[in-house]
Amino acid sequence: MADPKVLIAGAGPAGLTVALFLARAGIPVRVLERHTEPFEDPRAATIHPPTLEMYAGSGVTDDLLAQGIRAPVWQFRGRAEGVVAEFDLSLLSDVTPFPFRLQCEQHKLCRILLTHLARHPAAEIRWGVEVIGIAQDADGVTVATAAGDTHRAAFLVGADGGRSVVRKSQEIGFEGFTWPERFLVVTTTEDMGAKGYALSSYVSDPVTWCAMFKVPGKPAPDGLGPLWRIVFPTDPEAEEAALLDRAAARGRVRALIPQHGDFPIVHTNLYAVHQRVATSFRRGRVLLAGDAAHVNNPLGGMGMNFGIHDAILAAERIAAVLDGGADDLLDRYDRQRRHVAEAFLQAMTIANKKTLEEKDPAARAARLAELRATAADPAKARAHLLRTSMIEGVRAAAAVM
Ligand SMILES: Cc1cc2nc3c(=O)[nH]c(=O)nc-3n(C[C@H](O)[C@H](O)[C@H](O)COP(=O)(O)OP(=O)(O)OC[C@H]3O[C@@H](n4cnc5c(N)ncnc54)[C@H](O)[C@@H]3O)c2cc1C
């Protein structure tokens, strides 16, 4: 195995994507991951059109399409009002070859990326290796691990998630805030589609809003088949055990379906929710990508997609610099990605949460009326779809010099 030119901390979607795109450019890479195998918790599952476009040349998109559920239509509802607006991504068929949301679990994407990486002899994943310290000098970066050894390369990409050791080691700030309430994710086999919900649906309510989407799950007989994941807000004062209680979770789901039978709750998970962006995505020979650089609430399904977009650009820029390109290419990575992280990722996910939870009756009625009018007008619907499918943000990033 050749000495790596690039080290990557973290084998999540962002880190594995950086690795694959560098390996495809013929650059030896080594990924250091503290877990001993890919981690499977119920997190991201929505993949937007630009992400499918970016992965298309690598073959990852074909594998995702084979495993995921295509959701061309998504709904915005009111808990009391029912369907307020339906948005159909087919309106964007002239702009993207993938006019739908693809619903496929994050851990399956990681497995697909690992399969593709296995075809590149110059790409190596070291499992069970925890990064604890980073030192950089004029020629390279040295990474220290919990096991007491070191790894060295010309560049390091910190793709080690929201609590990034890489980001902290470079004393890069992580500005923003944490919402007081945690989000509860309830996973059930109950077919919400049979009750009229679109494959991806948002239900606004002044008290208990929710967002839901269908995921492929694991086929029978080993698995339970397709699953629905429903995200609810929780009371900040409530005890964790009470929030995770499956009978209570079943009650929350039942309240969404008038004619319900009995159904299993497969998982309940609680997540703290943050809105933060790193004050820089680059320090010298260290770049940040994915949650290490930005975290946001999951409403709109954008965090992982955005991290993949970081990863592909970071790989392209590092490859260009290793090939003799100007150092400013890396500064431009920081300018581009940080700008859209603030102006799109943060702005949109915060706005999505506010729309869903609006308590003021007049403001809520106005917002629902605006969404109805947007869905009814093809030009407005198209603009809304370009923004919510992340296409507008990708274009805005490309325009930053
Ligand atoms: C409930 C929920 C639903 C979501 N839904 C969506 C969605 O539909 N669409 C979407 O785009 N996003 C969604 N997200 C966000 C998405 O899950 C994250 O943005 C995504 O996981 C970030 O990927 P990453 O590779 O940057 O980081 P991570 O997935 O956190 O991976 C980081 C990796 O680094 C490793 N690591 C950490 N520290 C070290 C260390 N010191 N040394 C070595 N390895 C280390 C970790 O073990 C991990 O494997 C959702 C999140 C939640 C919580």
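Report follows, based on the coordinates. Since this is a predicted model, take the numbers as computed values, not measurements. (Residues numbered from 1 in each chain as written. Predicted model: local features only at pLDDT ≥ 70, side-chain atom pairs only at ≥ 80, totals over all residues. Heavy atoms only, no water.)

**Details of the overall build of the chain**
Line of reasoning, step 1. Counting secondary structure elements, the chain contains 12 helices and 22 strands.
Line of reasoning, step 2. For 401 residues, the compact-globule formula gives about 21 Å, and the C-alpha radius of gyration of the chain, at 21 Å, lands near that figure.
Line of reasoning, step 3. Expressed as lengths along the three principal axes of its C-alpha atoms, the size of the chain is roughly 65 × 45 × 40 Å.
Line of reasoning, step 4. Going through the 401 residues of the chain one by one, you find that 54% of them count as buried.
Line of reasoning, step 5. Pairs at least 24 apart in sequence give 73% of the contacts found in the chain among residues at least 6 apart.
Line of reasoning, step 6. If you sum the accessible surface of the chain, you get close to 16500 Å²; carbon and sulfur atoms cover 52% of it. (Helix = DSSP H or I, 4+ residues; strand = E, 2+ residues; numbered from the N terminus. Rg over C-alpha atoms; globule rule 2.2 N^0.38 Å. Buried < 20%, exposed > 50% of the residue type's maximum accessible area, 1.4 Å probe, protein only. Contact = heavy atoms within 4.5 Å. Areas by Shrake-Rupley, 256 points an atom, 1.4 Å probe, with all protein chains shown as cover.)

**Thoughts on the nonpolar core**
Line of reasoning, step 1. In terms of nonpolar packing, the biggest core is built from 80 residues, with Val6, Ile8, Leu22, Leu64 and Leu156 touching the most fellow members.
Line of reasoning, step 2. Other than its neighbours up to four places away in sequence, Leu64 contacts Ile47, Leu52, Tyr55, Leu102, Cys104, Leu109 and Ile112.
Line of reasoning, step 3. Core analysis: the second largest hydrophobic core is formed by 28 residues, Phe76, Phe87, Leu92 and Trp209 among them. (Core = buried A, V, L, I, M, F, W, Y, C linked by side-chain atoms within 4.5 Å.)

**What to know about the pattern of salt bridges**
Line of reasoning, step 1. As enumerated under the stated definition, the model contains 21 salt bridges in all.
Line of reasoning, step 2. For the salt bridge of Arg43 with Asp291, the shortest nitrogen-to-oxygen distance reads 3.6 Å. Remark: Asp291 occurs in the loop between strand E21 (286-288) and strand E22 (294-295) and Arg43 occurs in the loop between strand E2 (29-33) and strand E3 (46-47); sequence separation between them is 248 residues.
Line of reasoning, step 3. By relative accessible area, Asp291 is classed as partly exposed at 25%.
Line of reasoning, step 4. In this structure, Arg282 and Asp331 form a salt bridge, with 2.9 Å as the shortest nitrogen-oxygen distance. In this pair, Arg282 is assigned in strand E20 (residues 282-283) and Asp331 in helix H9 (residues 328-357), connecting sequence segments 49 residues apart.
Line of reasoning, step 5. Note on Asp331: relative accessible area 29%, which makes it partly exposed.
Line of reasoning, step 6. Several salt bridges share partner residues, and in doing so they unite Arg30, Glu124 and Arg126 into one network. (Salt bridge = Lys/Arg side-chain N within 4 Å of Asp/Glu carboxyl O.)

**Section: the state of the cysteines**
Line of reasoning, step 1. According to the stated counting rule, one finds zero disulfides in the structure shown.
Line of reasoning, step 2. The structure places no disulfide on Cys104, whose sulfur is separated from the nearest cysteine sulfur, that of Cys110, by 10 Å.
Line of reasoning, step 3. Under the relative-accessibility criterion, Cys104 is labelled buried at 1%. (Disulfide = S-S within 2.5 Å.)

**Description of the site of the ligand**
Line of reasoning, step 1. The local shell around the ligand holds 31 residues, among which Glu33, Gln106, Asp291, Met304 and Asn305 are the closest.
Line of reasoning, step 2. In the model, an oxygen atom of the ligand is placed 3.4 Å from a nitrogen or oxygen of the Arg43 side chain.
Line of reasoning, step 3. In the model, an oxygen atom of the ligand is placed 3.2 Å from a nitrogen or oxygen of the Ala45 main chain.
Line of reasoning, step 4. When the ligand is considered free in solution it has 1000 Å² of accessible area, and contact with the protein chains removes 91% of it.
Line of reasoning, step 5. Going through the elements one at a time, helix H1 (13-24), E2 and helix H8 (303-322) are the ones with two or more residues in the shell around the ligand.
Line of reasoning, step 6. When residues of the shell around the ligand are assigned to their parent elements, the largest contribution, three residues, is made by H8.
Line of reasoning, step 7. Its residues assigned to classes, the shell around the ligand shows 15 nonpolar, 10 polar and six charged. (Near = heavy atom within 4 Å. Polar contact = N/O pair within 3.5 Å; in protein donor to acceptor, adjacent residues only side chain to side chain. Nonpolar A, V, L, I, M, F, W, Y, C, P; charged D, E, K, R; others polar.)

**With respect to the sheet that holds strand E1 (residues 6-9)**
Line of reasoning, step 1. Read across the open sheet, the six strands follow the order E8-E2-E1-E12-E21-E20; overall the sheet is mixed. Because the sheet does not close on itself, it has two edges, and the strands there are strand E8 (123-127) and E20. (Pairing = 2+ DSSP bridges.)

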